[in-house]
Amino acid sequence: TGVRSFCTSREDIPGLRRTAFRKQLARQRVKFGEAPRAADGPIARVANVAVRPEHREALIADYNDSVRNAYAQQSGFAGAVLLLDGEDPGLQACSITLWEAARDLDAAVETSSYAEAMTQLAKHFNGYPETKTWELAAAFLRPKNIFSSAPKPKTNIQTTVVEVEGNG
């Protein structure tokens, strides 16, 4: 019998439908807590951190310089985005870096330029970043620079549009 057989009308006791659904799920053998499948293809590394509000402009400048210089020559690097949300005192930053494969990110993290960039950025943080690696399932990127007023990079980087194909 399905869940609907437990409750047949709108006049049923409030919460009964929800309770019946939970009982039905409890009878099923569902495995929770399995480790996610490692991404074979493109990934996105997402880091979230609280930022010292008075460091907002310095963080943007250092991200444009330090992260760009640390990743520009790394094999498999596809791009980076810095997002800011909030004002004093709750300024939050989210950095998203895109990679062709997890091994490319792993190799970049081992370089001295990465360590230097993270040391430079850490000066602006109010705590430790929380990071998570995501499988990049789809991306829509415009080749146009939408930040014409942003500080110009010291390093020239060629912009390439990458098409991501699904696994399979």
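In the block above lies the structure referred to throughout.
The structure contained in this document is the topic of the report that follows. As the structure is a computational prediction, the values presented were derived from the model and not from experiment. (Residues numbered from 1 in each chain as written. Predicted model: local features only at pLDDT ≥ 70, side-chain atom pairs only at ≥ 80, totals over all residues. Heavy atoms only, no water.)

**Section: the side chain of Ser-95**
We apply this condition: In DSSP terms, a helix is any run of H or I states spanning at least four residues, a strand is any run of E spanning at least two, and both are numbered starting from the N terminus. Residue contacts are defined here by distance: any two heavy atoms, one from each residue, within 4.5 Å place the two residues in contact.
Inspection of the secondary structure assignment puts Ser-95 in strand 3 (residues 92-99). Contacts of Ser-95, omitting those with residues within four sequence positions, involve Arg-45, Val-46, Ala-47, Tyr-63 and Val-81.

**Observations concerning the sheet that holds strand 3**
For the record, the criterion: In this scheme, strands are said to pair when DSSP sees at least two bridges between them. For every element, the axis is a line fit to its C-alpha atoms; helices are fit only across the contacting stretch, and the angle between N-to-C directions ranges from 0 to 180 degrees.
Across the sheet, which stays open at both edges, the 4 strands sit in the order 2-3-1-4 with antiparallel pairing between neighbours. The outermost strands of the open sheet, each flanked by one partner alone, are strand 2 (77-85) and strand 4 (130-135). Shown here is a sheet whose adjacent strand axes are inclined to one another by a mean of 15 degrees, direction ignored. Alignment of strand 2 against strand 3, held across 8 bridges, turns out to be antiparallel. Of the residues in strand 3, the one forming a bridge with Leu-83 is Cys-94.

**So, the environment of Ser-75**
Applied cut-off: When accessible area is computed with a 1.4 Å probe and restricted to protein chains, residues below 20% of their type maximum are described as buried, those above 50% as exposed, and intermediate ones as partly exposed.
Inspection of the secondary structure puts Ser-75 in the loop between helix 2 (56-71) and strand 2. According to the relative accessible area criterion, Ser-75 is exposed, its value standing at 57%. In this view, Ser-75 contacts Trp-99 and Asp-104; residues no more than four positions away in its chain are not counted.

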